[in-house]
Amino acid sequence: CALSDYLPDYINCPDDYATVQIQFDQYPEEISMKLENILDDTVLFETSSYDKRLAGQTKYERIPIYFEESGDQTYRFTIEDSYGDGLCCSQGDGSYELHIGDAVEGQPLLSGSIFNKKRSVVD
C-alpha cells in the first residue's frame, strides 16, 4: 500500500483488513472515526464517540475491508474531534495509526495526532 504525494492522499491496499491504533488524549468521547469504500459508498467502520474511561489508553480497531469486485479499491479514512483540538498536545499525548493488516507489522500507512476538527484521507 502507498500514499500519493498529492492531496487527497490515496491508499491502494490488497489486504483484507485494516487496523486502527488510537492512543486517546484525555477526552476520548470527542473522537469519532470512519472508514468507507468510496467506489460503492460502503461504510466499513464507523464510531461516533468512545467511552471517557478510555482516556490516556490505547485501543485497536480491526476493520474488515472485503469487497465484491476484484481490482483496486478506494477508501476514505476520517478521524474527527468534536471539540476541534485533535489528539495532541494540550489535553494529553494522543495519536492514531492506520495499518493495512496488523498494527504490529511494519510502518503505519497513516498516522497523526495534530489536527483541528477533522482529518480525512482518501485512497
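This write-up is about the structure you can find in this document. Worth saying up front: this structure is predicted, and the values here are computed from it rather than measured.

Taken together, four strands build an open sheet; the order of strands is β4-β1-β8-β9 and the sheet is antiparallel. Here the strands that pair on one side only, and so sit at the sheet edges, are β4 (58-64) and β9 (110-112). Across the sheet, the axes of successive neighbouring strands diverge by a mean angle of 10 degrees, strand direction being ignored. Across three bridges, strand β8 (residues 95-100) lies against β9 in antiparallel orientation.

Let us now look at the packing of aromatic side chains. Taken as a whole and assessed by the stated rule, the structure comprises two aromatic pairs. Judged by centre distance (4.9 Å) and plane angle (55 degrees), the ring pair of Phe24 and Tyr50 falls under tilted. With Phe24 in the loop between β1 (17-23) and β2 (31-37) and Tyr50 in the loop between β3 (42-47) and β4, this pair connects stretches of sequence that are 26 residues apart. Tyr50 carries the same exposure label as Phe24, and that label is buried. Positioned above the aromatic ring of Tyr17 is the side chain of Arg62, whose terminal nitrogen or guanidinium carbon lies 3.6 Å from the ring centre.

What counts and what doesn't
- Residues numbered from 1 in each chain as written.
- Predicted model: local features only at pLDDT ≥ 70, side-chain atom pairs only at ≥ 80, totals over all residues.
- Heavy atoms only, no water.
- Pairing = 2+ DSSP bridges.
- Helix = DSSP H or I, 4+ residues; strand = E, 2+ residues; numbered from the N terminus.
- Axes fitted to C-alpha atoms, helices over the stretch in contact; angles between N-to-C directions.
- Phe/Tyr/Trp six-rings, centres within 6.5 Å; stacked < 30°, edge-to-face > 60°.
- Buried < 20%, exposed > 50% of the residue type's maximum accessible area, 1.4 Å probe, protein only.
- Lys NZ or Arg CZ within 6 Å of the ring centre and 35° of its normal.

Honestly, it's all geometry; don't read function into it.
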